[in-house]
Amino acid sequence: MFEQVKLKYNFNELEPYIDELTMITHYTKHHAAYTNNFNAAVEKANLTGKSTEEILANLDMVKDEGLKAQLKNNGGGYYNHNLYFATMAPNGKHAPEGKLGDKIVSTFGSFEVLKEKLSQAASTRFGSGWAWLSVDKKGNLQVTSSSNQDNPITESKGEWMPIVGIDVWEHAYYLKYKNLRGDYIKELFNVIDWNEVEKLYNKAL
Ligand code: MN
């Protein structure tokens, strides 16, 4: 059984950037539903024991198209939100250092340029989806975006792993920011914990 990541902060602690009601609804309703539906689909597909990454990277092994879609949508919803919630913190590290910090500078020029690229990817994603910073097995970095609950693992069949995910579904920001997705994206950077992102980067190498 897959379980939602345990939050290291209270629902109200990302205020004023992410409001308490959005956090409660997002975690206890949206993410909980993806998790339950993913567990049901995993059981139905006889994939118990496999990791989420393995399942998402190898969706082609599921021949039933309906079941494949359930695994992609709910497995993505489960995985993407685990990443999102685990890499936020009220008092996190505000800029990356170490290997990741160096790679960001050599790839994008500066951390500021990376933030611009991520913001651009998030704000121009039409409809519901995500923007990503991802790493491959050589430590290369890329910024992309996906629709719905797709992610770099499903899209690259496991070649790229996301280490930052910006949720731009309206449920992630509408209660506080209404139609102003750009404001939400700008404020979200206040609660991304780059210490956690560095750990994910180092683990992927
Ligand atoms: Mn969401």
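Structure first, text after, so check above.
Counting of residues starts from 1 at the beginning of each chain's written sequence and follows it residue by residue. Local features in this predicted model are restricted to residues whose pLDDT is 70 or higher, and side-chain atom pairs enter the listing and the counts only when it is 80 or higher, whereas totals over whole chains, interfaces and linings include all residues. Calculated side-chain values reflect all of the structure's heavy atoms, with hydrogen atoms and water omitted.

Trainee: Go over the overall build of the protein chain with me, naming the residues and quoting the values.
Mentor: When helices and strands are counted, the protein chain shows 9 helices and 3 strands. It is over C-alpha atoms that the radius of gyration is taken, and the globule rule equals 2.2 Å times the number of residues to the power 0.38. Against the 2.2 N^0.38 benchmark of 17 Å for 205 residues, the protein chain shows a C-alpha radius of gyration of 16 Å, consistent with a compact globule. Dimensions of the protein chain, computed from C-alpha atoms along their principal axes, come out at roughly 45 × 40 × 30 Å. Under the scheme applied here, a residue whose accessible area is under 20% of the maximum for its type counts as buried, over 50% as exposed, and between as partly exposed, the area being computed with a 1.4 Å probe on protein chains only. Here the protein chain holds 205 residues, and the buried ones make up 49% of them. In what follows, residue pairs with any heavy atoms lying within 4.5 Å of each other are defined as contacts. Once local pairs closer than 6 in sequence are excluded, the contacts in the protein chain between residues at least 24 apart make up 68%. Accessibility throughout is a Shrake-Rupley quantity obtained with a 1.4 Å probe, and a residue counts as covered only by protein chains that appear here. Of the roughly 9,900 Å² of accessible surface on the protein chain, a fraction of 50% belongs to carbon and sulfur atoms. By the counting scheme adopted, Arg and Lys are positive, Glu and Asp are negative, and His together with the chain ends is not counted. Note that the charge is assigned to NZ on lysines, CZ on arginines, CG on aspartates and CD on glutamates. Where the 23 positive side-chain charges of the protein chain centre and where its 26 negative ones centre are 4 Å apart. Each helix is a run of H or I in the DSSP string that is no shorter than four residues. Each strand is a run of E no shorter than two, and both are numbered from the N terminus.

Trainee: Describe the nonpolar core, listing the residues and the values that go with them.
Mentor: We define the nonpolar core as a collection of buried residues of types Ala, Val, Leu, Ile, Met, Phe, Trp, Tyr and Cys that are connected through side-chain atoms lying within 4.5 Å of one another. In terms of nonpolar packing, the biggest core is built from 41 residues, with Tyr184 and Trp194 touching the most fellow members. Elements that contribute at least two residues to this core include exactly α1 (20-44), α3 (65-86), α4 (98-108), α5 (111-124), β1 (129-135), β3 (161-167), α8 (181-188) and α9 (194-204). Here this core gathers at least three residues from each of two domains, domain 1 (20-86) and domain 2 (98-204). Discounting residues that sit within four places of it in the chain, Trp194 has contacts with Lys93, His94, Ala95, Pro96, Leu100, Ile104, Phe111, Leu114, Leu133 and Val164. Here the bounds of each domain stem from an automatic or database domain assignment.

Trainee: Tell me about the coordination of the manganese ion, residues and numbers included.
Mentor: Only nitrogen, oxygen and sulfur atoms count as donors, using a 2.8 Å cut-off from the metal that widens to 3.2 Å for Na, K and Ca. Water is left out, so coordination shells may look unfilled. Coordination of the manganese ion by the protein is provided by His26 (NE2), His81 (NE2), Asp167 (OD) and His171 (NE2), with metal-donor distances spanning 2.0 to 2.2 Å. In primary sequence terms, the donor set of the manganese ion follows H-x54-H-x85-D-x3-H. On the criterion of sequence distance, the pair formed by His26 in helix α1 and His81 in helix α3 is long-range, its members being 55 residues apart. Both residues of the pair, His26 and His81, count as buried.

Trainee: Give a detailed account of the environment of Ala172, specifying residues and quantitative values.
Mentor: Considering the arrangement of structural elements, one finds Ala172 in the loop between β3 and α7 (174-177). Along the backbone, Ala172 and Phe111 are 61 residues apart, and their C-alpha atoms lie at a distance of 24 Å. Contacts of Ala172, omitting those with residues within four sequence positions, involve Thr22, His26, Tyr84, Asp167 and Tyr184.

Trainee: Summarise the sheet that holds β1; cite the residues concerned and give the values.
Mentor: Taken together, the 3 strands give an open sheet; going across it, the order is β2-β1-β3, and neighbouring strands pair in antiparallel fashion. Either end of the sheet is taken by a strand with one partner, and the two such strands are β2 (141-147) and β3. This sheet shows a mean twist of 25 degrees between the axes of neighbouring strands, independent of strand direction. Across the face of the sheet, α3 comes into contact with β1 and β3 while running at roughly 80 degrees to β3. The pairing criterion for strands is at least two bridges between them, as found by DSSP. Lines fitted to C-alpha atoms define the axes, with helix axes restricted to the stretch in contact, and inter-axis angles between N-to-C directions lie between 0 and 180 degrees.

Honestly, that's just the spatial picture; any functional story needs more than this.
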